[in-house]
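This is what each chain is made of:
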Amino acid sequence: MFSNRAKASLLAVMLAASLILGVAAGAWMPSDDDFFELRKNFRIFGAVYEELVTGYVKPVEPQHLMRVGVDAMLSELDPYTTFLDEADNANIDIITEGRYGGVGLDVGERGGQITVVAPVEGGSGYKQGIRTGDVITTIDGQAVAPLSVEDVETLLRGEPGTTVEVVVEREGAPAPLTFALTREEIDLENVTYRGRVGPDSDVGYVKLERFTRSAAPDLESALQALTETGEMNG
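Residues numbered from 1 in each chain as written. Predicted model: local features only at pLDDT ≥ 70, side-chain atom pairs only at ≥ 80, totals over all residues. Heavy atoms only, no water.

Visitor: Explanation requested: the packing of aromatic side chains in the structure shown.
Guide: Two measures describe an aromatic ring pair: the distance that separates the ring centres and the angle between the ring planes. With the rule as written, the count across this model stands at one aromatic pair. Aromatic pair Tyr193 and Tyr205: ring centres 5.9 Å apart, planes at 50°, arrangement tilted. Within this pair, whereas Tyr193 is found in strand 9 (residues 191-197), its partner Tyr205 is found in strand 10 (residues 203-208), the two being separated by twelve residues in sequence. Exposure remark for Tyr193: the relative accessible area of 42% places this residue in the partly exposed category. (Phe/Tyr/Trp six-rings, centres within 6.5 Å; stacked < 30°, edge-to-face > 60°. Helix = DSSP H or I, 4+ residues; strand = E, 2+ residues; numbered from the N terminus. Buried < 20%, exposed > 50% of the residue type's maximum accessible area, 1.4 Å probe, protein only.)

Visitor: Mind showing me how you'd approach a nonpolar patch on the surface here?
Guide: On the surface, Ile44, Val48, Leu52, Tyr56 and Val57 cluster together into a nonpolar patch covering about 480 Å² of accessible area. Tracing the backbone through its elements, the reader meets Leu52 in helix 2 (residues 32-55). For Leu52, a relative accessible area of 33% translates into the label partly exposed. (Patch = residues over 30% accessible without salt bridge, like charges linked within 9 Å, V, L, I, M, F, W, Y side chains within 5 Å. Areas by Shrake-Rupley, 256 points an atom, 1.4 Å probe, with all protein chains shown as cover. Salt bridge = Lys/Arg side-chain N within 4 Å of Asp/Glu carboxyl O.)

Visitor: What should I look at first to understand helix 6 (residues 149-156) in this one?
Guide: In an α-helix, one turn spans 3.6 residues, which is why side chains three or four residues apart end up on the same side. Along helix 6, the residues that are buried comprise Val149, Val152 and Leu156. For helix 6, the buried positions fall inside an angular range of 60° around the axis, keeping them on one side. More than 90 degrees from the buried face of helix 6, the exposed residues found are Glu150 and Thr154. (Arc of directions from axis to C-beta.)

Visitor: Would you mind going over the side chain of Arg170 with me for this structure?
Guide: Turning to its location among the elements, Arg170 is positioned in the loop between strand 6 (163-169) and strand 7 (177-182). Classification of Arg170 as buried rests on a relative accessible area of 16%. Look past the residues within four positions of Arg170 in its chain and what remains in contact with it is Gly129, Ile130, Arg131, Asp134, Leu177 and Phe179. (Contact = heavy atoms within 4.5 Å.)

So yeah, pure geometry; function would need other evidence.
Right under this line is the structure:
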């Protein structure tokens, strides 16, 4: 069952890539020879994949093996073409819209521990006092030690209005700290800073944090606001 789904997903990615390339090239259209090569090589890939999963000397994780194959194939194209599987769908709103339902904690792995990199200003975590450097130990009673950063992010996100209990260890605190955080719709700013820098404050500086659909107008507004403060030399 999984093998069929994985093969179908791979075929969908290949066909989607073909369509995108066709649009970009404009006049290029696949010939019968191209389709023949596609079918032939797909059969070869499928046969190799099936043989490895069912007949390799050691047990093979089918999902991991397929994902490695897909990632290797896309890496041959460019640094920007990416496969987003079903588990990545929760990140689509962040990528395209710059918003998500969560507690406003940017987390990462530091020294083998899941650590708060930065609380998002205005989020529940920020308002209740969670700090950069706090080590998250449990979420709703579940230990985070064996989890990945992505798993922790998934646990923290959810429908706005729901709550989640987060326990952290803080350097200098005598005991773990417990926070009952309320998930909210978090809007992430594309432009997180604009101002003037340099010895004479004559150079404009804009920090573009992320590229969502509104990144271009936000950047334009930031640049316009800077030019209205006076002449700049860069």
